[in-house]
Amino acid sequence: MPETSPLIDLPTCELNKLEEIADLVTSVLSSPIRREKLALALENEGYIKKLLHLFQVCENLENTEGLHHLYEIIRGILFLNKATLFEVMFSDECIMDVVGCLEYDPSLAQPKRHREFLTKTAKFKEVIPITDSELRQKIHQTYRVQYIQDIILPTPSVFEENFLSTLTSFIFFNKVEIVSMLQEDEKFLSEVFAQLTDEATDDDKRCELVNFFKEFCAFSQTLQPQNRDAFFKTLAKLGILPALEIVMGMDDLQVRSAATDIFSYLVEFSPSMVREFVMQEAQQSDDDILLINVVIEQMICDTDPELGGAVQLMGLLRTLIDPENMLATANKTEKSEFLNFFYNHCMHVLTAPLLANTAQEKGEKDAVVGSTKSNTICPDNYQTAQLLALILELLTFCVEHHTYHIKNYIMNKDLLRRVLVLMNSKHTFLALCALRFMRRIIGLKDEFYNRYITKGNLFEPVINALLDNGTRYNLLNSAVIELFEFIRVEDIKSLIAHIVENFYNALESIEYVQTFKGLKTKYEQEKDRQTQKLNSVPSILRSNRFRRDARALEEDEEMWFNEDEEEEGEAVVPPVEKSKQEDDFPDSYEKFMETKKAKESEDKENLPKRTSAGGFKFTFSHSASAANGANGANSKSVAAQTSPASSNGSSSKSTALAPAVTAPKGSLVGLVDYPDDEDDDEEEETSPRKRPRLGS
């Protein structure tokens, strides 16, 4: 057939022409132009109704061959993808005959009974009677067309995917119309809500009402954004959230499941709307009946062994507590308000199963999960482990996204210690969840957390788990090593020192990775740096002042020296009154060096005592300690300690834990009193290291 021909001439619609018509319809599908022409011809001649009349004749005569040809013809017409033809085929007058034609697939031994299903099995449920006949007709039509697309027509091949795009659009626009018509009928929706929240409504009726809303919300996804906004605002105004709160607390599993689906539509549409409702509700209700607490309890009490519902609810909770979708306006910050509310009213409900399953008897520090104070607490079974894993996933999310709220909660509840009890779980995935929680905390590189971990010795359960895992090369092994590797690479000094000082003996045998040796190296390098820092006190005197050592000093020391050097001509040591002491200073220094060298080889056993400021306090007995300075109450005694002079002749400060030097009686090592000023006081309180002050 030439494509340039103006129209397609259709064969007369008779029984003996059905094969010819089927061949024609099938042949045009490969050419868009010819499809258009055939559709136009079918529309102009009212051909579809004639074909459906022939179908009734064939069925009465049990003409199987004719019925098979009609199946090919009707299927081909659907694939023409023309909305005007669909309007005819899916009208009340024609749709059941179209379904009838599609029952006689030539590839099937027996025809399917689709019409019987649509007329007898499928029941149209009206939760509230729908008086609008046009709306009823539209609902029936949409259901039947959806049935044709999903059930009757075979799944289109890759080459046929676009053949039914108009059919999809037809269903889409029908759903939009249905939602719009229902939304405009406020009397209808008000009645639905009234029955849903009425205590007198029986369970079957309530189940139908909830399922209606679930489908209603599903249809609403077809709306344009602005129309969807109006739709959900209408539902909110009518009281969808209080209704959900009642329904989600019911015993019926089906009702709860449908209510969860509706809640997910609302959270996805506007988390802020849900948050606002919950915060307003908190001012009038107890914590137990708050919507979010109802959701958390549903998550915790999910009876499904795979926790399908709990996983869905956990996702919704995460959306609600995600600061990324919280608004900040000029008047208020939703983030701070909602997070304050959540941590005050809801967090204890979320963490209750975790705290209950990690409770330890006072005498048992290493109690495993389940061996808690009471045998009635959930054992370490698979379902409990999965629930705890979900809770930990949510808490890990909080650590990443909520700064001080979760930090305060972890510190106050000693939460990390409780979580790390789960490292003993027989379920490796749960141990990994506990480890991931700790890894996120360490990943923040927050010194508050680091101090909490070192003070509580919280690496111990992790290292025990690594050692208990033995030589097995598995995910737990890799995850623990990655944790320590992160600490090494990021050079988190406080944690490195804690690990090496407390656990290196247990870890040094692990040589298949260099992580632990690397931690030891970092620790020793830091120790050397501290030694060098203490040894870098300048000792070469030129023009009554100290000159800085040639070695590079750390930034804080450089600033410290620069402050003293700003005033030209002044000594680096704090200002003292011009006296005989200053004139005799070089002689005193020489005598001091002689005394020091004499003491180099002596055993040094007395350790320095740590001061509250974090430095070390060295005490020397000296007869001049009470004699110097008119202000005895305000004067400070600063002890000087030296170690062997370095090769460039500079004196050095003592390292931490270096042995104390005991000054011989009458030597020049010891206490020198200077008049106090406020700057000196501040420096002594804030700086853990002090320069030795030397004098006669």
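Residue numbers run consecutively from 1 along every chain, following the written order of its sequence. In view of the model being predicted, local features appear only for residues whose pLDDT reaches at least 70, and side-chain atom pairs are presented and counted only at 80 or more, with totals across whole chains, interfaces and linings using the full set of residues. Values shown for side chains rest on all heavy atoms present in the structure; no hydrogens or waters enter the calculation.

With reference to specific residues and values, describe the overall build of the protein.
Think of it this way: any DSSP run of H or I at least four residues long counts as a helix, any run of E at least two long counts as a strand, and we number them from the N terminus. Broken down by element type, the protein carries 32 helices and six strands. For every residue, the accessible area (1.4 Å probe, protein chains only) is compared with the maximum for its type, and the residue is labelled buried under 20%, exposed over 50%, or partly exposed between those bounds. With 696 residues in all, the protein has 45% of them scored as buried. A separation of at least 24 residues holds for 70% of the contacts in the protein among residues at least 6 apart in sequence. Throughout, a residue-residue contact means that at least one pair of heavy atoms, one from each residue, lies within 4.5 Å.

Please give an account of the environment of T471 that cites residues and values.
Mapped onto the elements of the fold, T471 is located in the loop between α25 (460-469) and α26 (475-490). A residue is classified by how much of its surface remains accessible, and T471, at 82% relative accessible area, is exposed. With 41 residues separating them along the chain, T471 and Y512 place their C-alpha atoms 10.0 Å apart.

Residues and numbers for the packing of aromatic side chains, please.
Two rings from Phe, Tyr or Trp (for Trp, the six-membered ring) form a pair when their centres are within 6.5 Å of each other. A pair whose planes differ by under 30 degrees is stacked, one over 60 is edge-to-face, and the rest are tilted. Counting across every chain of the model gives 21 aromatic pairs. Ring centres 6.4 Å apart and planes at 75° place the aromatic pair F86 and F170 in the edge-to-face group. Within this pair, whereas F86 is found in helix α5 (residues 83-89), its partner F170 is found in helix α9 (residues 165-184), the two being separated by 84 residues in sequence. Relative accessible area serves as the criterion here: at 9%, F170 is assigned to the buried category. Each ring, one from F212 and one from F216, has its centre 5.5 Å from the other, and the planes form 25°; the classification is stacked.

So what's going on with the packing of helix α14 (residues 253-269) against helix α17 (residues 308-320)? Residues and values would help.
Between two packed helices, the angle of one axis relative to the other and the distance separating the axes together describe the packing. Running from amino to carboxyl end, α14 crosses α17 at an angle of 25°, the nearest separation of the two axes being 10 Å. Judged on the interaxial angle alone, α17 and α14 are roughly parallel. Crossing geometry of α14 relative to α17 is assigned as left-handed. Where α14 approaches α17, its residues T260, D261, F263, S264 and V267 are matched on the opposing element by Q312, L313, L316, T319 and L320. Residue composition of the contact of α14 with α17, grouped by class: five nonpolar, four polar and one charged. Structural elements are reduced to axes, namely lines fitted to C-alpha atoms, with helices fitted over the stretch in contact, and the angle between N-to-C directions of any two is expressed from 0 to 180 degrees. An angle below 35 degrees is treated as roughly parallel, one above 145 as roughly antiparallel, one from 65 to 115 as roughly perpendicular, and anything else as oblique. Handedness of a helix crossing follows the sense of rotation of the near helix relative to the far helix, less than a right angle counterclockwise being left-handed and clockwise being right-handed. Any residue that is not Ala, Val, Leu, Ile, Met, Phe, Trp, Tyr, Cys, Pro, Asp, Glu, Lys or Arg is counted as polar, Gly included; the first ten are nonpolar and the last four charged.

I'd like to hear about the pattern of salt bridges, residue by residue, with values.
Here, a salt bridge means any side-chain nitrogen of Lys or Arg that lies within 4 Å of a carboxyl oxygen of Asp or Glu. Applying the stated criterion to the full structure yields 20 salt bridges. In this structure, the salt-bridge partner of K407 is D446, at a minimum N-O distance of 2.6 Å. On the criterion of sequence distance, the pair formed by K407 in helix α21 (residues 404-413) and D446 in the loop between α23 (428-443) and α24 (447-455) is long-range, its members being 39 residues apart. Overlapping salt bridges, with partners in common, bring together E59, E103 and R115 in one network.

Describe the side chain of E245, and please don't skip the residues or the numbers.
Considering the arrangement of structural elements, one finds E245 in helix α13 (residues 240-248). Only four residue types enter the tally: Lys and Arg on the positive side, Asp and Glu on the negative side, with His and both chain ends excluded. Buried within the structure, E245 lacks any salt-bridge partner; R206 is the closest side chain of opposite charge, at an N-O distance of 13 Å. Excluding residues that lie within four positions of it along the chain, E245 makes contacts with F277, E281, I289, L290, L291 and V294.

Describe the nonpolar core, and please don't skip the residues or the numbers.
Grouping buried Ala, Val, Leu, Ile, Met, Phe, Trp, Tyr and Cys residues that are joined through side-chain atoms within 4.5 Å yields what is termed a nonpolar core. Within the largest apolar cluster, 132 residues are counted, with the highest numbers of intra-cluster contacts made by F263 and F459. Broken down by element, the residue count for this core peaks at twelve residues, all from helix α20 (residues 382-401). Every residue in contact with F263, bar those within four places of it in the chain, is listed here: L241, L244, M248, V274, L291, V295, L316 and L320. Counting residues in each nonpolar core, the second largest holds 52 residues, with L10, Y47, F55 and F79 among its members.

Requested: an account of the side chain of T142, with residues and values cited.
Examined against the element boundaries, T142 turns out to sit in helix α8 (residues 133-152). By relative accessible area, which is 4% here, T142 ends up buried.

I'd love a proper account of helix α15 (residues 271-282), names of residues and values included.
The span expected for a helix works out to 1.5 Å for each residue beyond the first. In a regular helix each residue adds 1.5 Å, so twelve residues correspond to 16 Å; α15 covers 17 Å between its end C-alpha atoms and thus fits that length. For α15, a buried count of ten out of twelve residues is recorded, marking the element as mostly surrounded by other parts of the structure. Turning to α15, its buried residues number three or more, namely P271, S272, M273, V274, R275, F277, V278, M279, E281 and A282. Close packing links the buried residues of α15 with α12 (225-238), α13, α14, α16 (291-300), α17 and α18 (334-345).

Mind laying out the environment of R440, listing which residues take part and the relevant values?
With respect to the element layout, R440 can be found in helix α23. Of the residues examined, R440 reaches a relative accessible area of 30% and is grouped as partly exposed. A sequence separation of 43 residues divides R440 from L483, and the C-alpha atoms of the two residues are 9.6 Å apart. Dropping the residues within four chain positions of it, R440 is found in contact with T396, V399 and E400.

Can you break down unusual backbone geometry residue by residue, with the values?
When glycine is set aside, most residues are seen to have a negative phi, and most peptide bonds are trans. You will see that K445, though not glycine, has its phi angle at about 55°, which is positive. Looking at where K445 falls in the secondary structure, it is placed in the loop between α23 and α24. For K445, a relative accessible area of 42% gives the class partly exposed. The phi dihedral of N457 is positive, around 55°, even though this residue is not glycine. Tracing the sequence through the fold places N457 in the loop between α24 and α25.

Any chance you could break down a negative patch on the surface for me, citing the residues and the numbers?
Put simply, a patch holds well-exposed residues, over 30% relative accessible area, that have no salt bridge, with like charges counted together within 9 Å and Val, Leu, Ile, Met, Phe, Trp or Tyr side chains within 5 Å. Under the convention used here, a 1.4 Å probe and the Shrake-Rupley method define accessible areas, while residue burial counts only the protein chains that appear. To locate a charge, take atom NZ for lysine, CZ for arginine, CG for aspartate or CD for glutamate. Judged by side-chain charge, D202, D203, D204, E208, D251 and D252 come together as a negatively charged surface patch. Relative to the elements of secondary structure, D252 occurs in the loop between α13 and α14.

Summarise the confidence of the model for the protein; cite the residues concerned and give the values.
What pLDDT expresses is the predictor's confidence in each residue, scored from 0 to 100. Predicted confidence across the protein gives a mean pLDDT of 77, with 71% of residues reaching 70 or more. Contacts for the low-pLDDT stretch residues 540-554, under 50 throughout, to residues beyond four places or in other chains number 36 contacts. Scored below 50 in pLDDT, residues 563-586 makes 27 contacts in the model with residues more than four places away or belonging to other chains.

Run through helix α7 (residues 114-121), naming residues and quoting values.
Of the residues making up α7, those classed as buried are H114, R115 and L118. Buried residues along α7 cover an arc of 105° about the axis, so they all sit on one side. Opposite the buried face of α7, by more than 90 degrees, sit the exposed residues K120 and T121. Check the buried side of α7 and you find it contacts α3 (47-61), α6 (95-101) and α8. Within this analysis, the arc is defined by the directions that extend from the helix axis to the C-beta atoms.

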